[in-house]
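# Tertiary structure, described
Read off the chains here:
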Amino acid sequence: ETAMTLFHIGNVQLEKGSFREAIRFYQESVGIRRVELGSDHPDTLIATYQIGTAWLRIGEYNKSIMAFAEVLHLQKETLGENHEEIASTNFMIGVVHERAKHFDAAMEYYKESLRLRRDILGRNHPEVGKTLSRMAAVHYVRK
């Protein structure tokens, strides 16, 4: 499948640090997947999520947030409000805001990620600890 191959090439480019090339391949993959599978299909969302990741790595925070926000919106439509994937996307939006020094926004997304992860995974899950760690880092830099 062409879309899957493009997605994997994007992953290779991302790992190599060729972020703009990765984005190009991911965007091609998303374009094909939207037509063949629909915008809300998990494979389309994963490729869009990776676009957000690549924009984050470049430091293009607004573009990263736009990609992650699209994923979050479609995840909520397809998965409901309480799902681990939604928690992960909230977490990544928090990361983008933190890197952009939008600490209040970062905390809001981290709080939602924490709420979901505690509810879904339990209080002692490593992902809960990871979220708490990022929240602590934000509190530290805001002092």
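As shown above, the structure is provided for reference.
What you see is a predicted model, and the numbers here were worked out from it, not measured in a lab.

### Some remarks on the side chain of serine 64
Structurally, the position occupied by serine 64 is in helix H4 (residues 61-79). A relative accessible area of 0% places serine 64 in the buried class. Once residues lying within four places of it in the same chain are set aside, the contact partners of serine 64 are Gly52, Trp55, Leu56 and Val96.

### Concerning the pattern of salt bridges
Taken as a whole, this structure holds 12 salt bridges when the rule is applied. Notably, a salt bridge pairs glutamate 28 with arginine 24, separated by 3.2 Å at the nearest N-O pair. Here the residue glutamate 28 and the residue arginine 24 both occupy positions in helix H2 (residues 19-36), the gap between them amounting to four residues, near one helical turn. The class of arginine 24 is partly exposed, set by a relative accessible area of 38%. Between glutamate 127 and lysine 130 there is a salt bridge whose closest N-O contact spans 3.4 Å. Remark: lysine 130 and glutamate 127 occur in helix H7 (residues 126-142); sequence separation between them is three residues, near one turn of the helix. Taking the relative accessible area as the measure of exposure, glutamate 127 reaches 22% and is therefore partly exposed.

Conventions adopted
Residues numbered from 1 in each chain as written. Predicted model: local features only at pLDDT ≥ 70, side-chain atom pairs only at ≥ 80, totals over all residues. Heavy atoms only, no water. Helix = DSSP H or I, 4+ residues; strand = E, 2+ residues; numbered from the N terminus. Buried < 20%, exposed > 50% of the residue type's maximum accessible area, 1.4 Å probe, protein only. Contact = heavy atoms within 4.5 Å. Salt bridge = Lys/Arg side-chain N within 4 Å of Asp/Glu carboxyl O.

From the geometry alone we can't say anything about function, so treat these as descriptive.
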